[in-house]
Amino acid sequence: MTVRTRFAPSPTGYLHVGGARTALFCYLEARRHGGQFILRVEDTDRERSTDAAVQAILDGMAWLGLSHDEGPFFQTQRFDRYRQVAEEMVAAGLAYRCYCSKEELEAMRSDQEARGLKPRYNGYWRDRKDAPPPGVKSVIRFKNPAHGEVVVDDRVRGRVIFDNAELDDLVIWRSDDSPTYNFGVVVDDADMRISDVIRGDDHLNNTPRQINIYRALGHTPPRFAHLPMILGPDGAKLSKRHGAVSVLAYRDEGFLPHALLNYLVRLGWSHGDQEIFSMAEMTALFSTDDVNQSASRFDVEKLRWLNQHYLKTLDPATIASEFTWHLQQQGIDPSQGPASEDVIVALRERVHTLKEMAERARVWFEPLTHYDAAAVAKHLTAAAAAPLAAAKAALDAAPWTVAGIHAALESAAATLGIGLGKVAQPLRVAMTGTQVSPSIDHTVYLAGKREALTRIDAALDRIGGS
RNA sequence: GCUCCCUUCGUCUAGCGGUCAGGACGUGGCCCUCUCAAGGCUAAAACACGAGUUCGAUUCUCGUAGGGAGCGCCA
């Protein structure tokens, strides 16, 4: 049987990291087995679904590179199909019309809760042959089996058994003429021949109801795998309160899509002690058998470490375009300064995100106007004049490469009989106005020869003028 | 309240009856060093609790406690 998985978000908000991990696992499972990954938008709730959210989800998936083989399908475009199935079920006696008002259901619930029972529909219209009350719009309810149990052989939870007595007759068709979630998924998963349903474990309790519907419809249920939740750093449900939850927010914060993917794949899944996975490794190694059962917390620090790992190890050319995007986000014109690849090489061991990198890169793309007072006080002193002058002379004659600059500065220091640090620190302040920057050779190199010499003169002027 | 799920260092996890309970992030220390980093070495740090099964439980079973999910004409 070919493996077919689907990611089925409801477009009521952005693609968040929990959804992204579910999508990733579905994607990997399909790829691993040479099957298909299907994207389906569950927008039956017209009140809360928005086009903007649909677009945000599509954008998020695209940014992550989780490409689907079929879809996106939209449930709102399949209403005729759901209606047809629902009507057939009524005709076949598998479902029935219920005329209870919301007030009646409300009363039923509060009464049951008062008696310490689980609130459930009591089946009032299940076998009633009365004429329906006039003027009341009906819903259609599924005739859930009253007895017996439903066994879910979940691929990550193991065998979970539910008693049918705990389940009630759920609504499958609303009075406003639209299908409900638990009905739509079953019809779709059956029609789309989904072999493996991989989703968050908040759906585990829905599974027995869905299995009963599959059976009623004469279908064999798919295999299920319920993933543990991803919680916030404090162990509470992940929400905006925890900072970024939207996948695109991570892009804006300067994370590489693969770093996020690598981070997410290790939340709930592992392959021995391995932490770093290429997409090829993920697809080759992923298995629901290795998914664990306990919820995990989202730890940005580890994500940052992974992001830096990829910044350091990827070919600079492959991240150059994302980097220049971040420069532009910060109002920096990438065309006016050093080559992006050179900047990346100089900064990638010093930052964790592309956003930080862009912030730190500004000094080489714009004129130097601000000098940190403490840096000036400490390093642009009379004692720095000679080293700076020597550096200037040496640089003027040096081939403009990182190695050439390095050699020139070393010999300038040697000639003066001082350590490189005595030259580098004043020079660093001259180049950047601060005491912190990449190694001095890179720092000078990125400024460009003309600008580097100009900045030395400016520093010399400051020393002379003070 | 009822049903279901979960429980190894602060965090992510390995473990699938006998291990000095391993790795990673983070944290501390040392080394390296032109600043900051990166890197190397190193340290501290965990089996929620109680019964049972067993020669032997982190591992299997059952309780307890704690956490989570569901109980909608939301998905």
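In this text, all values refer to a predicted model and were calculated from it rather than measured experimentally. (Residues numbered from 1 in each chain as written. Chains lettered and ligands numbered in written order. Predicted model: local features only at pLDDT ≥ 70, side-chain atom pairs only at ≥ 80, totals over all residues. Heavy atoms only, no water.)

**Regarding the overall build of chain A**
What counts here: Under the DSSP-based scheme used, a helix requires at least four consecutive residues in state H or I and a strand at least two consecutive residues in state E, with every element numbered from the N terminus. Remark: exposure states derive from per-residue accessible area (1.4 Å probe, protein chains only) relative to the maximum for the residue type, with buried under 20%, exposed over 50%, and partly exposed in between. Note on contacts: a residue pair qualifies if any of its non-hydrogen atoms lie within 4.5 Å across the two residues. Surface accessibility in these figures is a Shrake-Rupley result with a 1.4 Å probe; residues are shielded only by whichever protein chains are displayed. Here the positive residues are Lys and Arg and the negative ones are Asp and Glu; neither His nor the chain ends is included. Charged side chains are reduced to one point each, which is NZ for Lys, CZ for Arg, CG for Asp and CD for Glu.
The helix and strand tally for chain A stands at 19 helices and 12 strands. If you line up chain A on its principal axes, its C-alpha atoms span 105 × 45 × 40 Å. Classification of the 466 residues of chain A by burial places 49% in the buried group. For chain A, long-range pairs separated by at least 24 residues make up 76% of all intrachain contacts whose partners lie at least 6 apart in sequence. Of the roughly 21,400 Å² of accessible surface on chain A, a fraction of 50% belongs to carbon and sulfur atoms. Counting 54 positive and 60 negative side-chain charges, chain A places the centres of these two groups 2 Å from one another.

**Notes on the sheet that holds strand β5 (residues 139-142)**
Threshold: One bridge is not enough; two strands pair if DSSP finds at least two bridges between them. Geometry is summarised by axes, namely lines fitted to C-alpha atoms with helices restricted to the contacting stretch, and by angles between N-to-C directions that run from 0 to 180 degrees.
Taken together, the three strands give an open sheet; going across it, the order is β4-β5-β8, and neighbouring strands pair in antiparallel fashion. The open sheet is flanked by β4 (95-98) and β8 (171-173), the only strands paired with a single partner. On average, each strand axis in the sheet is inclined to that of its neighbour by 45°, with strand direction left out of account. In this sheet, β5 lies alongside β4 in antiparallel orientation, the contact comprising four bridges. From the neighbouring strand, A95 faces β5, where its bridge partner is F142. Packed on one face of the sheet, helix α3 (residues 79-91) meets β4, β5 and β8 and runs near 125° to β8.

**Considering the protein's contact with RNA strand B**
Defined as follows: Whether a residue is near a molecule or strand depends on its heavy atoms: if one lies within 4 Å, it is near. Residues are grouped as follows: nonpolar covers Ala, Val, Leu, Ile, Met, Phe, Trp, Tyr, Cys and Pro; charged covers Asp, Glu, Lys and Arg; every other residue, Gly included, is treated as polar.
Taken together, the neighbourhood of RNA strand B is formed by 62 residues, with R157, R174, G268, E349 and S437 sitting nearest. In RNA strand B, atoms within 4 Å of the protein come from the sugar-phosphate backbone in 69% of cases. Secondary-structure elements contributing two or more residues to the surface near RNA strand B are α4 (102-114), β5, β7 (158-163), α5 (181-191), β12 (296-297), α10 (300-313) and α17 (420-432). Looking at the surface near RNA strand B residue by residue, the classes come out as 16 nonpolar, 22 polar and 24 charged.

**Looking at the packing of aromatic side chains**
The geometry of an aromatic ring pair is captured by two quantities: the separation of the ring centres and the angle between the planes. Note the threshold: Two rings from Phe, Tyr or Trp (for Trp, the six-membered ring) form a pair when their centres sit within 6.5 Å of each other. Planes less than 30 degrees apart are called stacked, planes more than 60 degrees apart edge-to-face, and all others tilted. Either the NZ atom of lysine or the CZ atom of arginine qualifies as a charge over a ring when it sits within 6 Å of the ring centre and within 35 degrees of the ring normal.
Enumeration over the complete set of coordinates arrives at nine aromatic pairs. Here Y27 and F37 contribute two aromatic rings whose centre-to-centre distance is 5.9 Å and whose plane-to-plane angle is 85°, an arrangement assigned as edge-to-face. Here Y27, found in helix α1 (residues 17-32), pairs with F37, found in strand β2 (residues 36-41); they are 10 residues apart in sequence, far enough to count as distant. Accessibility assignment for this pair places Y27 and F37 in one class, buried. One aromatic cluster in this structure is built from F25, W269, F277 and F286. Residue placement shows R462 over the ring face of Y371; its charged tip is 4.0 Å from the ring centre.

That's the geometry; what it means functionally is another story.
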